[in-house]
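Summary of the model geometry
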Amino acid sequence: MKYSQFNIITNLDDGTNAVYNSLSRKYILQAENSYEDINIDKHSSSHDCGILVNDNCDEISQLISLIQKEVNDGEQSLTILPTTNCNARCWYCYEKGIEHFDMSQDIIDNTIQFINGQFQAERELSINWFGGEPLMHFDAIKQITLAAKVAGFTLNTCITTNGSLITPELISLLKDNYKDIAMSITIDAIGKNYGAVKRFVDYPSEQVYDRLINNIKSVLSAGIRVLLRINFKVFEEAKKIYSHLETLFSDFPRTLYYIYYAPIWNKNRGHSLEETLQYIDYMRNGYDINILANPYIDNVFLNHVTNERKFSYCTAMNKHHYVVNADGLLYRCHCLVSDNKYACGNVKDGINLSALGYQMFEPNIKEKQCKVCSNLSICLVKCRARDIIYGDDVICHNTKTIIDSVIKLKIEQKEKRRCRKP
């Protein structure tokens, strides 16, 4: 037997040492301070946790095979931007400066043909609507939805929207044609301050917050799940928004809505590691780790570290997932649709497997030193868009810096839950 290269030793605050395996996402607690002191018989569970492996085990090949299997067996999903237009003018929007246009009728028709030719009707298909503000081109959403339903697909959906254009007609369309439905809505501030941040061009800023809250309540009343994302610069303000939203929607079942924090990030502003550590410290005081979205520890990273049951990976790696821009170009990541060099085909001609925008999401070990890094199983499945925006070296450094705190948080929360069980 030998020790896995994916082991990370973490010292917990109570003096206990933990050996965490970044591939299995499991751990053991021990009093010993080093591998040499571990009693293998005492820690027989080490093998089950992946901390001890057979001498002839090729962990790199095992990791690549596992990732390939996961991405090859991924769910069928399509993210569609029916428009790049938006009725808000958020100062932090990473799409600022892109060309604004709607899907033409030809692109709508070609998208329908692409869906019918690319995906299997006997499997469920998730169509996620993005933008721009997708509800500004409701007709495209309606046409594509009804065509996919007629073709025999069982549909699921999540709409990323600012929530201002939600109508009874939209709610009926979703309820009549989708099996699983969710909306992701961003709330950046409360009351009049919300209007000042969003700067809507089609509605008075002092009235738009009340309109949003009423729309959300209509969605919840229809039994549709809502993900409430708090975009913020100042964490203390975000905590106030969180408490406010809990009060506003307290009459609805908590299973219908989920509130989480999302520090604002774009090409011009990231968050320091000091800020990131502050967020993690806050999570240690009673909040679920998955409440946090952060530019330096993206959701894939968090999910991978914390979820032992499901192998998490960037959605863009899924071989059955594509993004359709309003101009008909195909991508694997919605964060890159404003740059044509990352396209991997179009809805009329199909997918170009040799395109940069396709190949860059294949699991690839870039540097020799990566092959011996304990974080490799995390880096191969994490967000590629952040690598492009911030640079590989920055993301690598930050991952290594933050991993210890995230592992501590995961273990502490799991041990607390275990202690609460009768």
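As the structure is a prediction and not an experimental result, all values here were calculated from the model.

Considering the arrangement of structural elements, one finds Thr111 in helix H3 (residues 105-118). Here the side chain of Thr111 touches Ile107 through a polar contact of 2.7 Å, landing on its backbone oxygen. Those residues in contact with Thr111 that lie beyond four places of it in its chain are Ile80, Met103, Ile144, Val324 and Val347.

Turning next to the pattern of salt bridges. Once their charged atoms are close, side chains differing in charge can pair, the charge on each being opposite to the other. Inspection of every chain in the model, using the stated rule, returns eleven salt bridges. When salt bridges that share partners are traced, they join Lys319, Arg332 and Glu362 into one network.

On to H3, then. Across its 14 residues, H3 extends 20 Å between first and last C-alpha, which sits within 8% of the 20 Å expected from 1.5 Å per residue. Buried residues of H3: Ile107, Ile108, Asn110, Thr111, Ile112, Phe114 and Ile115, and no others.

Turning next to the packing of H3 against helix H4 (residues 138-150). With their axes 10 Å apart at the nearest point, H3 and H4 run at an angle of 25° to one another. By the criterion of interaxial angle, the relationship of H3 to H4 is roughly parallel. Between H3 and H4 lies a crossing whose hand is right-handed. Contact residues: Gln105, Ile108, Thr111, Ile112 and Ile115 in H3; Ala140, Gln143, Ile144 and Ala147 in H4. Grouping the constituent residues of the contact of H3 with H4 by class yields six nonpolar, three polar and no charged.

By the element assignment, Ala182 lies in strand E9 (residues 178-186). Sequence separation of Ala182 and Thr160 is 22 residues, and the distance between their C-alpha atoms is 8.8 Å. If near-sequence neighbours (up to four positions away) are discounted, Ala182 is found in contact with Thr157, Cys158, Ile159, Ile224 and Arg225.

With that settled, consider the environment of Ile108. The topology assignment puts Ile108 in helix H3. Residue classification places Ile108 among the buried residues on the basis of a relative accessible area of 1%. Discounting chain neighbours no more than four positions away, the residues touching Ile108 are Met103, His137, Ala140, Gln143 and Ile144.

Here the focus is the packing of helix H7 (residues 208-221) against helix H8 (residues 235-248). Viewed as axis vectors pointing N to C, H7 and H8 meet at an angle of 50°, and their least axial separation amounts to 12 Å. Between H7 and H8, the interaxial angle falls into the category oblique. When the axes of H7 and H8 are compared, the crossing they make is right-handed. Contacts from Tyr209, Ile213 and Lys217 in H7 reach His244, Leu245 and Leu248 in H8. A breakdown of the residues in the contact of H7 with H8 according to their chemical character gives four nonpolar, one polar and one charged.

The next subject is the nonpolar core. Counting 71 residues, the largest nonpolar core has Ile127, Ile216, Leu228, Leu245 and Phe249 as the members making the most contacts within it. Of the residues forming this core, the biggest block, seven residues, is contributed by H7. Residues contacting Leu228, with those up to four places away along its chain left out, are Ile185, Ile187, Ile216, Leu245, Phe249, Tyr257, Tyr258, Ile259 and Tyr260. The next biggest cluster of nonpolar side chains, apart from the first, holds 28 residues, and it includes Ala316, Met360, Ile365 and Leu380.

Attention now moves to unusual backbone geometry. For the peptide bond that leads from Gly131 to Gly132, omega is 20°, which places it in the cis range. Along the chain, Gly132 falls in the loop between strand E7 (125-129) and H4. Phi is positive for Arg25, close to 65°, though the residue is something other than glycine. Among the secondary structure elements, Arg25 is positioned in the loop between strand E3 (17-21) and strand E4 (26-30). At Arg199, a residue that is not glycine, the phi angle is positive and equals roughly 50°. Note that Arg199 resides in the loop between helix H6 (192-198) and H7.

Now for the confidence of the model for the protein chain. On average, residues of the protein chain carry a pLDDT of 83, and 80% of them reach 70 or more. pLDDT under 50 marks residues 266-271. Its contacts with residues more than four places away, or in other chains, come to 18 contacts. Low pLDDT (under 50) marks residues 288-300, which in the prediction has 60 contacts with non-local residues, meaning those over four places away or in another chain.

Analysis parameters
Residues numbered from 1 in each chain as written. Predicted model: local features only at pLDDT ≥ 70, side-chain atom pairs only at ≥ 80, totals over all residues. Heavy atoms only, no water. Helix = DSSP H or I, 4+ residues; strand = E, 2+ residues; numbered from the N terminus. Polar contact = N/O pair within 3.5 Å; in protein donor to acceptor, adjacent residues only side chain to side chain. Contact = heavy atoms within 4.5 Å. Salt bridge = Lys/Arg side-chain N within 4 Å of Asp/Glu carboxyl O. Expected span 1.5 Å × (residues − 1). Buried < 20%, exposed > 50% of the residue type's maximum accessible area, 1.4 Å probe, protein only. Axes fitted to C-alpha atoms, helices over the stretch in contact; angles between N-to-C directions. Parallel < 35°, antiparallel > 145°, perpendicular 65-115°, else oblique. Left-handed = near helix turned anticlockwise from the far one by under 90°. Nonpolar A, V, L, I, M, F, W, Y, C, P; charged D, E, K, R; others polar. Core = buried A, V, L, I, M, F, W, Y, C linked by side-chain atoms within 4.5 Å. pLDDT = per-residue confidence, 0-100.

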